[in-house]
Amino acid sequence: MARRTLTTAAAFATTATLLLTACGGSNDSSSGDIKGADTGSSTPSASASASGTSNVKRPEITLPKNFELTFQDWTSSDPVEQAVLNDAREQLRAGYAAIIASEPDGGEALAFYDTSSGLSQDRQWIKTYTDKNLTVFGKLPAFDAKTTLLGDNKTRAALTYCTDESKAYTRDRKTSKVEGNPAGTNPEVFYTVTLRKNAKGVWQNVSTQSTRGGCQS
């Protein structure tokens, strides 16, 4: 289910692999990965609009209750770092919302949180689901988030975090066949995300890389 692991040809051909990997490149060609989960609430996260990055209105993102994308301890005492975490979280939620809604172009919310290069990469990821008529469900915790601000103006950032795919699954929309990670597959995936603050003050995703088994216990 790792988000960007599915960008390789080998991953496209592996139908028995959990396709939960989030968008981006990957150091693992054996499976895909899902990235991020939400609590099932139908309302947008309050902290996203109160992130302090800008007063621009964030899009409302809804995920179904059967897909619990949770963000454990995505907090920072630094307001700029917190703004990065807030927008990165919503970007991830937007990506999974597009998969669940079967929107291969990613929809308006994902475009809001992506740069042009990030959106191109994310669309490839989303199509690894939509092209196979797959949706996602289950529980996907995202945890151990760490943010580093880059540049003198602090308009660029790097974010790392982990996900645990143990209880996350894909389902075929036509046959209802359910798949999870194959036995023996490490369920934890390590992500590295680069972000850039745009003119409106929104932290947008530039790229994502994933490494299965890269999380430290």
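These numbers come from a predicted model, not from an experiment.

Before going further, it helps to examine the packing of helix α3 (residues 79-100) against helix α5 (residues 116-130). Where α3 contacts α5, the axes come no closer than 9 Å and their chain directions differ by 35 degrees. Crossing of α3 over α5 shows right-handed handedness. Touching Q91, G95, Y96, A98 and I99 of α3 are D122, W125, I126 and Y129, all from α5. For the contact of α3 with α5, the class distribution of residues is six nonpolar, two polar and one charged.

Here the focus is the packing of aromatic side chains. Scanning the entire structure with this criterion turns up eight aromatic pairs. For the ring pair Y96 and W125, a centre distance of 5.0 Å and an interplane angle of 90 degrees mean the geometry is edge-to-face. Taken as a pair, Y96 in helix α3 and W125 in helix α5 lie far apart in primary sequence, 29 residues in all. The burial state of Y96 is the same as that of W125; both residues are buried. For the ring pair W125 and Y129, a centre distance of 6.1 Å and an interplane angle of 85 degrees mean the geometry is edge-to-face. One end of the pair, W125, and the other, Y129, are both in helix α5, four residues apart, so they sit about a helical turn from each other.

By the definition in use, this model includes six salt bridges. A salt bridge links D87 to R58; its shortest N-O distance comes to 2.9 Å. You can see D87 sitting in helix α3 and its partner R58 sitting in the loop between α2 (46-49) and β2 (67-71), a full 29 residues away along the chain. On the basis of relative accessible area, D87 is assigned to the buried category, the value being 0%. The salt bridge partner of E90 is R93, with a shortest N-O separation of 2.9 Å. In this pair, E90 and R93 both sit in helix α3, three residues apart, roughly one turn of the helix. For the pair formed by E90 and R93, the shared burial category is buried. Several salt bridges share partner residues, and in doing so they unite R89, E90 and R93 into one network.

About the criteria used
Residues numbered from 1 in each chain as written. Predicted model: local features only at pLDDT ≥ 70, side-chain atom pairs only at ≥ 80, totals over all residues. Heavy atoms only, no water. Axes fitted to C-alpha atoms, helices over the stretch in contact; angles between N-to-C directions. Helix = DSSP H or I, 4+ residues; strand = E, 2+ residues; numbered from the N terminus. Left-handed = near helix turned anticlockwise from the far one by under 90°. Contact = heavy atoms within 4.5 Å. Nonpolar A, V, L, I, M, F, W, Y, C, P; charged D, E, K, R; others polar. Phe/Tyr/Trp six-rings, centres within 6.5 Å; stacked < 30°, edge-to-face > 60°. Buried < 20%, exposed > 50% of the residue type's maximum accessible area, 1.4 Å probe, protein only. Salt bridge = Lys/Arg side-chain N within 4 Å of Asp/Glu carboxyl O.

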